[in-house]
Amino acid sequence: MAAVVAAADAVNPKLTVGWLDYAQHCGFVTDTARVRSPKDKPRVERAVHYVRSNFWAGEQFIDLADAQTRARSWCTSVAGQRIHGTIQARPADVFAEREAGVLLGAPAGYDVPVFKTCKVHRDFHLEVGKALYSVPKPYIGQHVDVRADSALVKIFRNGRLVKVHPRQRPGGRWTDPDDLPAEKVGYAMRDLDRLVAAARRIGPDVGIYAERLLDGKLPWTRMRAVYRLLGLARRHGDQAVDAACGKALEVDVVSVQKIASMLQRATESLAVRLARPGAAATARFARDPGEYATSRATQRAARPTQLRLITNTSADAVVEGEETKR
């Protein structure tokens, strides 16, 4: 059947994962029927016809409990006491003599698991049963096999066990800090202590400022403000941010936006001071105003005056030119 055999083969048939897991739980081996051997399977199922015709035919049962009680009685008094056609002996006697002593004990209840192939996403997690579970970084982007029962979620890669997590309810999340890079553990685990420690590494005033930002009934809702503070340190430098936080603490102002404004003004002031020594020099992109003239009159006004001197001995000597300026 397809629930047991995934791919038929004369030598090495491939069994389904669910059936192999159940067989391992119960402790039995599956001996499949041979390919193109029609007598193998009917030989095993021959007892079905006997039970149907000898026990079920013509009977009526009150409920399931009544059917089970009468079936046990029939197995003991009728089916077990007949002379079997193949072994020429009573099945009850053969069972008690040869088989009862070597049977395994009844297995414990089987917790039916869910088998699934999942892809590990860039956030180091995969989804099983609408819950998230972490996986180590080397497996990001790869497909892994998952077995999830009511207690545990086991993750396999090429048949090797990679990770084990306790099963979470739908919408839940289970993250192992060892699966994440150090810089992402604080955010993924919502670990406020790690976040404050990262701020203290920038400077003492930054650490105090981060503690003030997270001081409240719901500190997790203000974690983004601390992350922005850490981002300002990467952009403007640790010393600048630590100095800005110190000044803000002196006047009891707790706002990352104020810190960002202080750093921006300091950057602009520094840019102005650096530009002053070279103010007298010609700017890189400076152009003569005449190049932007839009009319002939404007172009003539902006064009340098050209003079032409004509000598004349008469008293009416004049200086001719387009324009004369003294």
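Now for a look at the structure at hand. What you see is a predicted model, and the numbers here were worked out from it, not measured in a lab.

## Description of the environment of Q168
Structurally, Q168 is set in the loop between β8 (160-166) and β9 (173-174). The residues contacting Q168, other than those within four sequence positions of it, are A131, Y133, R173 and W174. Polar side-chain contacts of Q168 include one of 3.1 Å to the backbone oxygen of P166.

## Here's the deal with the pattern of salt bridges
All told, the structure shown has nine salt bridges when counted by the stated rule. Measuring nitrogen to oxygen at the nearest pair gives 2.7 Å for the salt bridge that ties K163 to D176. Remark: D176 occurs in the loop between β9 and α6 (182-188) and K163 occurs in strand β8; sequence separation between them is 13 residues. The exposure class assigned to K163 is buried, which follows from its relative accessible area of 15%.

## A closer look at the side chain of T16
Along the chain, T16 falls in the loop between β2 (14-15) and α1 (17-26). Only 2.8 Å separates the side chain of T16 from the backbone oxygen of A3, close enough to count as a polar contact. Leaving out residues up to four positions away in the same chain, T16 has contacts with A2, A3, V4, V5 and A6.

## Considering the environment of P138
With respect to the helices, strands and loops of the structure, P138 is situated in the loop between β5 (131-134) and β6 (143-148). By relative accessible area, which is 59% here, P138 ends up exposed. Linking P138 and V120, residues 18 residues apart in sequence, is a C-alpha distance of 9.8 Å.

Criteria and thresholds
Residues numbered from 1 in each chain as written. Predicted model: local features only at pLDDT ≥ 70, side-chain atom pairs only at ≥ 80, totals over all residues. Heavy atoms only, no water. Helix = DSSP H or I, 4+ residues; strand = E, 2+ residues; numbered from the N terminus. Contact = heavy atoms within 4.5 Å. Polar contact = N/O pair within 3.5 Å; in protein donor to acceptor, adjacent residues only side chain to side chain. Salt bridge = Lys/Arg side-chain N within 4 Å of Asp/Glu carboxyl O. Buried < 20%, exposed > 50% of the residue type's maximum accessible area, 1.4 Å probe, protein only.

Limitation: the analysis is restricted to geometry and does not speak to function.
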